[in-house]
Amino acid sequence: MAATGPTVTIAAKSQFKPVTGDVFVVFHESKYDKATISGAISGAASGDVATLFAQTFPYTAAATAAGSVTLAGATGSYSFSVAPALATRYYVEVLGGDPAATLATSATSTVYVSNLQVPAALSPCARPVCTERMRVQEWVPATALRDEIAKPWYFYLGLSLSSSGVPKAPAWLTLDTHAAISKSVKLGLVRFSRTITFSFRIGDDGYALRLNLCSKDTEAKDGLGLPGSHGCGQHRVLASKEYLG
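Residues numbered from 1 in each chain as written. Predicted model: local features only at pLDDT ≥ 70, side-chain atom pairs only at ≥ 80, totals over all residues. Heavy atoms only, no water.

1. Side note on the pairing of strand β8 (residues 88-96)
Phase 1 of the analysis: Across eight bridges, the pairing between strand β5 (residues 49-56) and β8 is antiparallel. Bridging from a neighbouring strand, V49 pairs with L95 of β8.
Phase 2 of the analysis: Direction of pairing for β8 relative to strand β10 (residues 109-114): antiparallel, over a ladder of three bridges. For R89, the partnering residue across the bridge sits in β10 and is T110.
Phase 3 of the analysis: Bridge count between β8 and strand β9 (residues 101-105): four bridges; the pairing is antiparallel. The residue bridging E93 from the neighbouring strand is T105, located in β9.
Phase 4 of the analysis: Between β8 and β9, which follow one another and run antiparallel, lie four residues, and G97 among them has a positive phi close to 90°. (Pairing = 2+ DSSP bridges. Helix = DSSP H or I, 4+ residues; strand = E, 2+ residues; numbered from the N terminus.)

As structure tokens, then:
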């Protein structure tokens, strides 16, 4: 019977629940910019080496080594922490023998990267009509700045009112077509800002407000965001929706 080589599995995980099966991190956010690439290896030999390779969007350059671990026995596991700046494909090769040869190659696992938007705090509301002017800064990779700074933004607002106390937060957000969104102001190689001015009537009621904003993903063009469409630009979106793009 012919000898079989090692087998190696691979999976990616971040601090976010995958969106339509896609794993992602957030650019320039130290708490959320990392993912873990991990898997199991069987059928290897002690001293074999598992090496992680990374190939970054637009995937035209050759993959480069991003870490390695020496195996202690026939079975084992590996785990690497990665912080991609753009969508990146990862795979693991098991190398062994003398001279070293590739004994097994895993499937490919892709980690995507979302932009970072940071809004300034809102001011206390005046009554009966509350008008807010909110400055939002956005961080994107330098190679994606030209595309991202030119995109339109979509601003969503949800409002609940109650004549007796503070109501529950709204379950849905509606596209605010009356909000004024300024032109982009470039602040550096990876950062720009816009200002959103919007109003809503609260009278003398208690209120609960929820906001969201987005630009439509163009991952296939600039390597930022997720593949496909995820609700950005729709007339109404769930307030609980964690990702719009």
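2. Considering the packing of aromatic side chains
Phase 1 of the analysis: One pass over the structure, following the stated rule, counts 10 aromatic pairs.
Phase 2 of the analysis: Between F16 and F24, the ring centres sit 4.8 Å apart and the planes meet at 15°, which makes this aromatic pair stacked.
Phase 3 of the analysis: You can call F16 partly exposed: its relative accessible area is 24%.
Phase 4 of the analysis: Between Y78 and F80, the ring centres sit 5.7 Å apart and the planes meet at 40°, which makes this aromatic pair tilted. Exposure class is identical for Y78 and F80. Each is buried.
Phase 5 of the analysis: In textbook terms, an aromatic cluster arises when at least three aromatic residues are bridged by ring pairs, as seen for F16, F24, Y32 and Y243. (Phe/Tyr/Trp six-rings, centres within 6.5 Å; stacked < 30°, edge-to-face > 60°. Buried < 20%, exposed > 50% of the residue type's maximum accessible area, 1.4 Å probe, protein only.)

3. Describing the state of the cysteines
By definition, a disulfide links the sulfur atoms of two cysteine residues through a covalent bond.
Phase 1 of the analysis: Following the criterion strictly, the structure yields two disulfides and no others.
Phase 2 of the analysis: Disulfide pairing is shown between C125 and C130; the S-S distance is 2.0 Å. Its S-S torsion of about -75° marks the bond between C125 and C130 as left-handed, since a negative value means left-handed.
Phase 3 of the analysis: You can call C125 partly exposed: its relative accessible area is 23%.
Phase 4 of the analysis: Given the relative accessible area of 1%, C130 is considered buried.
Phase 5 of the analysis: The residue that forms a disulfide with C214 is C232, at a sulfur-sulfur distance of 2.1 Å. Residues C214 and C232 are joined by a disulfide whose S-S torsion is about 95°; by sign, that bridge is right-handed. Separated by 18 residues along the polypeptide, C214 in strand β18 (residues 206-214) and C232 in the loop between α2 (219-222) and β19 (236-238) bring together distant segments of the chain. Residue C214 shares its accessibility class with C232, and that shared class is buried. (Disulfide = S-S within 2.5 Å.)

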